[in-house]
Amino acid sequence: MEDGDKKKLQRNQSNIVDNMQDVSRVLDSLFEDRLVTAEFRESVMNPFVDRADKVRKILSYIPGKAKGYSGLIKALYLTENDGVLAALGESLEITDFELGQPLEFVPVASPPSDMQYNMKRNPRGTLLIIEVREFDDNTGMNTRRGSQLDFAALDALFKKLYFNVKHHLNPTAEEIQQCIRKYAAEENHASSDCAIVVVLSHGSEGHIYGKDGQPVSIENNIIAPILGCHNLKDKPKVFLFQACRSGPAMPLATNDLIIKKPLTSDVLIACATQMGESAHRSVDEGSWFIRSICTIFWGNAHTQDLLSMITMAYCLIKKKTESEKRDQIGIVESTLLKKVYFHPH
C-alpha cells in the first residue's frame, strides 16, 4: 500500500472504527480478493471480539498488502459503507472491477456515412438510468444487492462515450412514469444524436416494479412515450432492461390503456432474458447482463456497432451460464435502419 493511502487510513481511523458496518461481508470481500487469509478472517470474526476491535484488526492488517487500499475501497462499496467512503473521499471507478482497460480508441475503417447514424455531437445525448435497488418493506421484494455496481459501470462507460447521465434511484411506479414523461419532453433531444434508457429493477411479464411494488408497463409507460418524442425522430432510441421476466402478467389498471407499440423505425430494445425467465445478478459483480454489456463496450466500441456488441454481450452471458450451470439467454428487438457507432475518440 502506498504511503499516502496508509496516512489516509490513519487520519480517518476513528471515523472508520465508529462507522464501518457489515464487517463480516467486508472481510468476505477482502478474502475473495486474497487480501486476507482464512485464518485472519476467522480470528477477526471470533464472537468474543467486538465490532470496533474487528475493524481495528482490519486496519492494522490491510496496509501490509500492495493492493490493500483499493481492495478495502471495493469492499466498502460492495457493503454500502457510504459514510466511510465519503470520509475517505473515495468513489468507485469502473476499472476497480476490471471491466476492461481504459478506453484508448484507434481510428478504423467504418461504413459509408449514409449507412450509419450521426454520432458526432458532444454530448451524444442523455443516458437515463432508472434503478430500483431497494423496495418498501410491505412489498416483500428483496433488495437488489449488487445493483450499485451496474450503475457504477454504466455511469463510467457512457460518460466516456460522451453521454450525459441522469440517474433516478428507488422511484415509485408513479415516479418512474413521471420520469419517463419528463425525459421524453426534454428539448435537448433536438440537439442530440441518440437517446438511451436503462431500467434496473425486479420485473415480470411486460412490467417492471417501482420501490412501492407497483407495476409499470414497459410497452405503455416506458417505451411508447419516448417513441412519441418528435425531437428523436430518425434518431436511434435504445432501451436496455435488466429485470426478470418470470412472473405472471399483471392485470391492467382501469386507467392503463392498451397502447400497441407503434411501427416505429430506429429503435433497439435489449432485455437481459427472454419472457418467462430470470435475469441473474451477483452481489460482487452486478448483473450478468449489464456487466457483459459494459465489458464488451469497453473493449469494442471503437470498432463495432451497437447491435454487434449486444450480440457479443449475449455470447458472454452464454459462457457465464455454462460455468455457473444456470440458464439465461437475452433477446433483442431492432428496427434500426443504419448502424450505430459511438465513435469514441
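Computed from a predicted structure; not experimentally measured. (Residues numbered from 1 in each chain as written. Predicted model: local features only at pLDDT ≥ 70, side-chain atom pairs only at ≥ 80, totals over all residues. Heavy atoms only, no water.)

Caption draft 1: Representation of the overall build of the protein. Assigned secondary structure in the protein consists of 12 helices and 11 strands. Out of the 345 residues in the protein, the part that is buried amounts to 49%. Here the analysis covers contacts within the protein between residues at least 6 apart in sequence; of these, 79% occur between residues at least 24 apart. When the accessible surface of the protein is totalled, it reaches about 16800 Å², and 49% of it is carbon and sulfur. (Helix = DSSP H or I, 4+ residues; strand = E, 2+ residues; numbered from the N terminus. Buried < 20%, exposed > 50% of the residue type's maximum accessible area, 1.4 Å probe, protein only. Contact = heavy atoms within 4.5 Å. Areas by Shrake-Rupley, 256 points an atom, 1.4 Å probe, with all protein chains shown as cover.)

Caption draft 2: Region of the structure containing the environment of Ala313. The residue Ala313 is located in helix 12 (residues 306-324) in this model. On a C-alpha basis, the gap between Ala313 and Thr295 in space is 7.9 Å, while along the polypeptide they are 18 residues apart. Beyond its immediate chain neighbours, meaning those up to four positions away, Ala313 contacts Ser292, Ile293 and Ile296.

Caption draft 3: Representation of the pattern of salt bridges. Within the structure shown, the criterion is met by 12 salt bridges. For Asp193, the salt bridge identified is with Arg121, shortest N-O distance 3.4 Å. Here Arg121 lies in the loop between helix 7 (82-88) and strand 1 (125-131) and Asp193 lies in the loop between helix 9 (173-184) and strand 3 (194-200), a separation of 72 residues in the sequence. On the basis of relative accessible area, Arg121 is assigned to the partly exposed category, the value being 35%. Close ionic contact of Lys233 with Asp234 constitutes a salt bridge, the shortest N to O distance being 3.4 Å. (Salt bridge = Lys/Arg side-chain N within 4 Å of Asp/Glu carboxyl O.)

Caption draft 4: Summary view of the side chain of Ser29. Counting through the fold element by element, Ser29 comes out in helix 3 (residues 23-32). Contact partners of Ser29, with chain neighbours within four places excluded, come to Ala75 and Leu78.

Caption draft 5: Quick look at the packing of aromatic side chains. Counted by the stated rule, this structure contains 8 aromatic pairs. Consider the rings of Phe163 and Phe342, whose centres lie 5.9 Å apart with planes at 75°: the pair is edge-to-face. Of this pair, Phe163 sits in strand 2 (residues 163-169) while Phe342 sits in the segment after strand 11 (331-334), and the two are 179 residues apart along the sequence. Phe163 gets classed as buried once you look at its relative accessible area, which sits at 4%. On the numbers, 6.5 Å between centres and 5° between planes, the contact of Phe239 with Phe241 is stacked. For the pair formed by Phe239 and Phe241, the shared burial category is buried. Among the aromatic residues, ring-to-ring pairing joins Phe158, Phe163, Phe297 and Phe342 into one connected group. Positioned above the aromatic ring of Tyr117 is the side chain of Lys338, whose terminal nitrogen or guanidinium carbon lies 5.9 Å from the ring centre. (Phe/Tyr/Trp six-rings, centres within 6.5 Å; stacked < 30°, edge-to-face > 60°. Lys NZ or Arg CZ within 6 Å of the ring centre and 35° of its normal.)

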